[in-house]
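# Chain and residue survey
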Protein chains: 2
Amino acid sequence: MDNISLNKHISGQFNAELEDIRNRVLAMGGLVERQLEQSLDALSSLDSNLAKKIIEGDHRVNGMEVSIDEECARIIAKRQPTASDLRLIITTTKTITDLERIGDACVRIAKSALEKRTNNQQPLLVSIESMGRHATRTLHSTLDALARMDADAALEIHKEDVKLDKEYEGIIRQLMTYMMEDPRSIPGVLDVLWAARAIERVGDRCKNICEYIIYYVKGKDVRHTSYEDMEKDVQS
Amino acid sequence: MDNISLNKHISGQFNAELEDIRNRVLAMGGLVERQLEQSLDALSSLDSNLAKKIIEGDHRVNGMEVSIDEECARIIAKRQPTASDLRLIITTTKTITDLERIGDACVRIAKSALEKRTNNQQPLLVSIESMGRHATRTLHSTLDALARMDADAALEIHKEDVKLDKEYEGIIRQLMTYMMEDPRSIPGVLDVLWAARAIERVGDRCKNICEYIIYYVKGKDVRHTSYEDMEKDVQS
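Residues numbered from 1 in each chain as written. Chains lettered and ligands numbered in written order. Predicted model: local features only at pLDDT ≥ 70, side-chain atom pairs only at ≥ 80, totals over all residues. Heavy atoms only, no water.

In the nomenclature of an unreviewed UniProt entry, chain A corresponds to Phosphate-specific transport system accessory protein PhoU from the organism Parashewanella spongiae. A UniProt comment under Subcellular location (unreviewed entry) is attached to chain A, and it reads "Cytoplasm". Per UniProt, the comment on chain A under Subunit (unreviewed entry) is "Homodimer." (UniProt positions renumbered as here; feature names shortened; annotations may be inferred.)

### What to know about the overall build of chain A
When helices and strands are tallied, chain A shows seven helices and zero strands. Listing the helices and strands of chain A from first to last along the sequence gives α-α-α-α-α-α-α. Expected size for 236 residues packed as a compact globule is a radius of gyration near 18 Å; at 19 Å, chain A falls within 12% of this value. Each principal axis of the C-alpha distribution contributes one length, and for chain A these read about 65 × 40 × 25 Å. A buried classification covers 57% of the 236 residues belonging to chain A. Of all intrachain contacts in chain A linking residues separated by at least 6 positions in sequence, the fraction that spans at least 24 positions is 80%. By element, 51% of the accessible surface of chain A is carried by carbon and sulfur atoms, the whole surface being about 9,900 Å². In chain A, which carries 33 positive and 40 negative side-chain charges, the distance between the mean positions of the two groups comes to 2 Å. (Helix = DSSP H or I, 4+ residues; strand = E, 2+ residues; numbered from the N terminus. Rg over C-alpha atoms; globule rule 2.2 N^0.38 Å. Buried < 20%, exposed > 50% of the residue type's maximum accessible area, 1.4 Å probe, protein only. Contact = heavy atoms within 4.5 Å. Areas by Shrake-Rupley, 256 points an atom, 1.4 Å probe, with all protein chains shown as cover. Lys, Arg positive; Asp, Glu negative; His and termini not counted. Charge placed at Lys NZ, Arg CZ, Asp CG, Glu CD.)

### A closer look at the interface of chain A and chain B
With 36 residues of chain A in contact, the opposing surface of chain B contributes 36 residues. A buried area of about 3,000 Å², summed over both sides, lies between chain A and chain B, and 65% of it is on carbon and sulfur atoms. Considering only the surface of chain A that becomes buried against chain B, Met180(A), Trp194(A) and His224(A) emerge as the three largest contributors, covering 18% of it. A salt bridge links Arg223(B) to Asp69(A); the nearest nitrogen and oxygen atoms lie 2.8 Å apart. At the level of elements, α2 (48-79), α3 (83-114), α5 (151-181) and α6 (186-218) of chain A are the ones that each hand at least two residues to the side of chain A that touches chain B. Examining the composition of the side of chain A that touches chain B, we find that nine residues originate from one element, α6(A), more than from any other. Per-class residue counts for the side of chain A that touches chain B are 19 nonpolar, seven polar and 10 charged. (Buried area = accessible area lost by both parts, 1.4 Å probe. Salt bridge = Lys/Arg side-chain N within 4 Å of Asp/Glu carboxyl O. Nonpolar A, V, L, I, M, F, W, Y, C, P; charged D, E, K, R; others polar.)

### Some details on the environment of Ala51(A)
Position of Ala51(A) among the secondary structure elements: in helix α2. Filtering out sequence-adjacent residues up to four positions away, Ala51(A) remains in contact with Ala42(A), Ala110(A), Ala113(A) and Leu114(A).

### Considering the packing of aromatic side chains
Both the distance between ring centres and the angle between the ring planes are used here to describe each pair of aromatic rings. Under the definition given, this model contains one aromatic pair over all chains. Between Trp194(A) and Trp194(B), the ring centres sit 5.8 Å apart and the planes meet at 80°, which makes this aromatic pair edge-to-face. One end of the pair, Trp194(A), is in helix α6; the other, Trp194(B), is in helix α6 (residues 186-218), on a second chain. As far as burial versus exposure is concerned, Trp194(A) and Trp194(B) are alike and both buried. The cationic tip of Arg197(A) hangs over the ring face of Trp194(B); the distance from NZ or CZ to the ring centre is 5.0 Å. (Phe/Tyr/Trp six-rings, centres within 6.5 Å; stacked < 30°, edge-to-face > 60°. Lys NZ or Arg CZ within 6 Å of the ring centre and 35° of its normal.)

### Considering the relation of the copies chain A and chain B
Here the two chain copies are tied together by a rotation about an axis and a shift along that axis. The operation relating chain A to chain B is a screw motion whose rotation component is 180°, with 0.0 Å of axial translation and a residual RMSD of 0.0 Å. Expressed as an axis order, the relation between the two copies is that of a two-fold axis. Judged by C-alpha distance, Gln80(A) is the residue of chain A that lies nearest the rotation axis, at 2.7 Å. Of the residues that chain A buries at the interface, 100% are likewise interface residues in chain B, meaning the two copies contact each other through the same surface. (Least-squares fit on C-alpha atoms with pLDDT ≥ 70 in both.)

### Overview of the UniProt feature "domain: PhoU" (unreviewed entry) in chain A
All names here are of chain A. Summarizing the sequence annotation, UniProt attributes the feature "domain: PhoU" (unreviewed entry) to residues 26-112 and 128-213 in the numbering used throughout. Within the segment residues 26-112, helix and strand shares are 94% and 0% respectively, and the terminal C-alpha atoms sit 27 Å apart. A helix fraction of 93% and a strand fraction of 0% characterise residues 128-213, whose end C-alpha atoms lie 29 Å from each other.

### Observations regarding the pattern of salt bridges
All names here are of chain A. One pass over the structure, following the stated rule, counts 43 salt bridges over all chains. Salt-bridge contacts for Arg133 lead to Asp41; the nearest nitrogen and oxygen are separated by 2.7 Å. Linking Arg133 in helix α4 (residues 122-148) with Asp41 in helix α1 (residues 12-45), this pair joins segments that are 92 residues apart in sequence. For Asp41, a relative accessible area of 32% corresponds to the partly exposed category. Among the residues examined, Arg133 registers a relative accessible area of 23% and is labelled partly exposed. When salt bridges with common partners are traced through the structure, they connect Glu17, Glu71, Arg74, Lys78 and Arg79 into a single cluster.

### What about the state of the cysteines?
Two cysteines joined by a covalent bond between their sulfur atoms form a disulfide. By the definition in use, this model includes zero disulfides over all chains. Considering cysteine sulfurs only, Cys72(B) is the nearest to Cys72(A), which forms no disulfide, with 15 Å between them. Given the relative accessible area of 3%, Cys72(A) is considered buried. (Disulfide = S-S within 2.5 Å.)

### Let's talk about α3(A)
The end-to-end C-alpha distance of α3(A) is 47 Å, a good match for the 46 Å that 32 residues give at a rise of 1.5 Å each. Of all the 32 residues making up α3(A), 27 are buried; the element is thus mostly covered by neighbouring parts of the structure. (Expected span 1.5 Å × (residues − 1).)

### Observations regarding α2(A)
Residue and element names in this part refer to chain A. Taking 1.5 Å per residue as the helical rise, α2 with its 32 residues ought to reach 46 Å, and the 47 Å between its terminal C-alpha atoms agrees with that figure. Along α2, the sharpest kink reaches roughly 25°, centred on Glu56. For α2, the N-terminal cap is Asp47; the gap from its side-chain oxygen to the backbone nitrogen of Asn49 is 3.1 Å. Once α2 ends, the next one or two residues include Gln80, with phi positive near 45°. (Bend = angle between axes of the 7 residues up to and from the residue. Polar contact = N/O pair within 3.5 Å; in protein donor to acceptor, adjacent residues only side chain to side chain.)

### A short note on the packing of α1(A) against α4(A)
The contact between α1(A) and α4(A) brings their axes to 9 Å, and the two run at 170°. Our classification of the angle between α1(A) and α4(A) gives roughly antiparallel. (Axes fitted to C-alpha atoms, helices over the stretch in contact; angles between N-to-C directions. Parallel < 35°, antiparallel > 145°, perpendicular 65-115°, else oblique.)

As structure tokens, this is what we get:
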């Protein structure tokens, strides 16, 4: 992992601890990414065994959140970090909250795979899967930007989220039409709608992580600012 | 505000800073609580002016999140807190994330108040409002428990959330029946459904805050644990 941007410390042990935290966040990200991929596999093939495996696997994501947070608190108390070291800890503890919620989204998607589906719901699942693959690519790029602490990439990913939002809106319209044409399908379609919503939220979570990356690199909190202001901060 | 449980510091200035942080979080909570109450007022009376006021007011909630987080980072860097002081900072920074998201839920509810409604959608709005008032009481109790750093109250609120979940499930069933009986109503009803979902999430956010309160008081991270384990930790 690229270590150039981390401050050099007199204490090699402190360096090792920060490096360890970074590795653990990326490992958690990797796990969540696999959960997301597999939840989409489960949904597209209606594979209930795989779906159950994902739901059971969520406790590992939760466990990583708790243990990384614990380590962050330990480092603050012991090492009294300042400047970019402190920002790394803050970025980490905020990032893992969003990763954990992406894990919850995977559970939501997996649950949709457990429902009985009629054949004519297949086109809906194809749309959801396509949107889900889009969200998976966004998550992958986000984790990449996090590994390299790349503010430019983070800004780009943030900007691109609007496409996922548009895809989501299209799916909602499609689901509405579907329900209006066949009201008996409503309970099943609503379940697909929750999965779509969960996927859309994955994009929002990635945007949050991108904001933390920019905060780490630039020292500016860009949450709740316009894209233009964010761009200025990244280019400054 | 009860200050007994805060450690006594040689530095009176540090004490004042921690006290200030606590006050600011509670002020943010108060603002969010008003936003929630008013968003329900707007929904029940379909008052579009009030709804717009809530949507515009969200930037104040966002601003408080950013400024409190900034102050927390400043305190960590300057004061190098440990033990319960550090837990107070961690509890604060996590709590305000959830408060900000409750603010977003208020915007979602207010947006539902901007939609044109037919007369026969009125019963749906009554159910939503009732659930919303329930969530407001939960938020109020949560902020109370936070002000007093009362782990027992936090545990009780956590346990009670199941009632809000049950109310939510009932509303979802009601909305489904409604859509099945009158498919033309689907777009409008879906909008109510998003509001219901937002209210249900307010309960989840309150549960999160209760977990942070227990973490502060007991020094145990009770996220992702069973209610029984949480009870043991609180009573220990």
